[in-house]
Amino acid sequence: MNKINIRGVDHFYQFTETPDSSNPVLVFIHGWLLSHQYWQPLIDRIKDQYSCLSYDLKGFGASQLPEDSLNLNFDLRSYAEDLQELLTQLNIKKAWLVGHSLGGSIAIWGADICSEIIEGVICVNAGGGIYLKEEFERFRKAGENLVKFRPPWFSYLPLFDVIFSRMMVKRPLSLQWGKARLQDFINANEQAAIGSLLESTTENEVHYLPQIVARLSQPVYFIAGKQDQIMEPQYVKHLASFHHLFQHHQDNVYEIEECGHFAMLEQTDLVSDYTLKIIQQYNTNICEDKMLR
């Protein structure tokens, strides 16, 4: 198991390198209560053309916290700084960030603080920038209660893996992914899970994210699931609208039919096509977006 110590936390990572060092590395950042493994189907389709790095955020997956973790931060900046240290230790000089849900927000922050390394960002099922006080308060409370009530025996209850294979998606995922989601849900560190939820959904954080998008000089693209009820396309488009690419007929937003909140699992081939076309147009200095619609 590959691990790197980043600011006191051993981070699991998986790095698949190609011989062509002239291409940027694709860095994949997972979402809340998840882990790196949900990117593997997409990485399998891309790894022959681009080096791919996936890792577990601190407190999730195999990047569990040490016992003396009282002074750790779990806001978006802290996670972006962890990413910056990871890229430094692995000597990665240029990269594209691909982030899912919460990972998309971390990718946007990462592009801002690592502007000399990050060449572009692709956000999958990620958006925001609109703060609705009552809705956010309900969401935060429900999420906090969900995390606090997670007895380990959940994983042994019949049909819970079936439930997790059907949550947040347009069509049920395979039972393999239901089991994986259930296990990641149970194993996530409580301090990290609650901290990242609460810190990323404050009014200040929600309103600050569009400011970052607006000032990024790198290309930023958004892939949305049309049936995503967690991050609806309207919220994806709202955040995307702050980037200069949006002015060109919303060219930085791609909506996928028959797709919920896990586009990289539900529509892997299409997400792979979009990802490659986005990155390749910049590698070949193509100015206009030729991506398939």
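Residues numbered from 1 in each chain as written. Predicted model: local features only at pLDDT ≥ 70, side-chain atom pairs only at ≥ 80, totals over all residues. Heavy atoms only, no water.

Colleague: Now, about the overall build of the chain: what can you tell me, with residues and values included?
Modeller: The helix and strand inventory of the chain stands at 11 helices and eight strands. For 293 residues, the compact-globule estimate of 2.2 N^0.38 gives 19 Å, and the chain sits close to it at 18 Å. Along the first, second and third principal axes, the C-alpha set of the chain runs to 55 × 40 × 40 Å. Within the chain, the proportion of its 293 residues that are buried is 55%. Carbon and sulfur atoms make up 49% of the accessible area of the chain, which amounts to about 13,400 Å² in all. Here the chain contributes 25 positively and 36 negatively charged side chains, and the mean placements of these two sets differ by 3 Å. (Helix = DSSP H or I, 4+ residues; strand = E, 2+ residues; numbered from the N terminus. Rg over C-alpha atoms; globule rule 2.2 N^0.38 Å. Buried < 20%, exposed > 50% of the residue type's maximum accessible area, 1.4 Å probe, protein only. Areas by Shrake-Rupley, 256 points an atom, 1.4 Å probe, with all protein chains shown as cover. Lys, Arg positive; Asp, Glu negative; His and termini not counted. Charge placed at Lys NZ, Arg CZ, Asp CG, Glu CD.)

Colleague: Just give me the short version of the side chain of His-261, but keep the residues and values in it.
Modeller: Looking at the element boundaries, His-261 is found in the loop between β8 (253-256) and α10 (263-266). Setting aside residues up to four positions removed in sequence, His-261 forms contacts with His-100, Ser-101, Asn-125, Met-168, Val-169, Asp-228, Ile-230, Met-231 and Glu-266. (Contact = heavy atoms within 4.5 Å.)

Colleague: Go over the nonpolar core, please, and point to the residues and values.
Modeller: Counting residues in each nonpolar core, the largest one holds 60 residues, and the members touching the most others are Val-27, Leu-53 and Ile-118. At seven residues, the largest contribution of residues to this core is made by helix α3 (residues 102-113). Once residues lying within four places of it in the same chain are set aside, the contact partners of Val-27 are Leu-53, Tyr-55, Leu-83, Leu-87, Ala-95, Trp-96, Leu-97 and Val-98. The next biggest cluster of nonpolar side chains, apart from the first, holds 33 residues, and it includes Ile-43, Ile-122, Val-271 and Leu-276. (Core = buried A, V, L, I, M, F, W, Y, C linked by side-chain atoms within 4.5 Å.)

Colleague: How would you summarise unusual backbone geometry if you had to cite specific residues and measurements?
Modeller: If you check the backbone angles, Asn-91 has positive phi at about 60° while not being a glycine. The backbone phi angle of Asn-125 is positive, close to 55°, even though this residue is not glycine. With respect to the secondary-structure elements, Asn-125 resides in the loop between β6 (118-124) and α4 (133-148). Residue classification places Asn-125 among the buried positions, given a relative accessible area of 0%.

Colleague: So what about helix α6 (residues 175-187)? Which residues, and what values?
Modeller: Taking 1.5 Å as the rise per residue, α6 with 13 residues should run 18 Å; its terminal C-alpha atoms sit 18 Å apart, in good agreement. Every buried residue belonging to α6 is among Trp-177, Gly-178, Ala-180, Arg-181, Leu-182, Asp-184, Phe-185 and Ile-186, and all of these are buried. Looking at the buried side of α6, the elements it contacts are α1 (40-46), α4, α5 (160-166) and α10. (Expected span 1.5 Å × (residues − 1).)

Colleague: Give me the lowdown on the packing of aromatic side chains, citing residues and values where you can.
Modeller: One pass over the full model with this rule turns up 14 aromatic pairs. Note on Phe-164 and Phe-185: the rings are 5.4 Å apart at their centroids and 40° apart in plane angle, and the pair reads as tilted. One end of the pair, Phe-164, is in helix α5; the other, Phe-185, is in helix α6, with 21 residues separating them in the sequence. Residue Phe-164 is classed as buried on the basis of its relative accessible area of 10%. Note on Phe-185: relative accessible area 4%, which makes it buried. Judged by centre distance (6.1 Å) and plane angle (20°), the rings of Tyr-221 and Tyr-254 are stacked. With Tyr-221 in strand β7 (residues 220-225) and Tyr-254 in strand β8, the pair connects residues that are 33 residues apart, well separated along the chain. Since its relative accessible area comes to 1%, Tyr-254 is described here as buried. (Phe/Tyr/Trp six-rings, centres within 6.5 Å; stacked < 30°, edge-to-face > 60°.)

Colleague: Could you give an account of the sheet that holds β7, with specific residues and numbers?
Modeller: The strand order across the open sheet built from eight strands is β1-β2-β4-β3-β5-β6-β7-β8, with neighbouring strands paired in mixed fashion. Among the strands making up the open sheet, the edge pair consists of β1 (3-6) and β8. Ignoring strand direction, the axes of neighbouring strands in this sheet form an average angle of 25°. Bridge analysis of β6 against β7 gives four bridges, and the strand direction is parallel. Within β7, the residue paired with Val-124 across the bridge is Ile-223. (Pairing = 2+ DSSP bridges. Axes fitted to C-alpha atoms, helices over the stretch in contact; angles between N-to-C directions.)

Colleague: Quick one: what's the story with the pairing of β7, residue by residue and with numbers?
Modeller: Across the six residues of β7, six count as buried, placing the element largely inside the fold. Burial along β7 is two-sided: Val-220, Phe-222 and Ala-224 and Tyr-221, Ile-223 and Gly-225, pointing in opposite directions, are all buried. Bridging between β7 and β8 involves four bridges; their strand directions are parallel. Paired with Gly-225 across the bridge in β8 is Ile-256. With helix α9 (residues 233-240) bridging β7 and the parallel β8, this β-α-β connection has right-handed handedness. (Right-handed = clockwise from strand over helix to strand, strands pointing away.)

Colleague: Describe the packing of α3 against helix α8 (residues 203-215), listing the residues and the values that go with them.
Modeller: Contact geometry of α3 with α8 gives a least axis separation of 10 Å together with a crossing angle of 50°. One way to sum up the angle between α3 and α8 is to call them oblique. When you trace α3 past α8, the crossing you get is left-handed. For the pair α3 and α8, the contacting residues are Ser-105, Ile-108, Trp-109 and Asp-112 in the first and Glu-205, Tyr-208, Leu-209, Ile-212, Val-213 and Arg-215 in the second. (Parallel < 35°, antiparallel > 145°, perpendicular 65-115°, else oblique. Left-handed = near helix turned anticlockwise from the far one by under 90°.)

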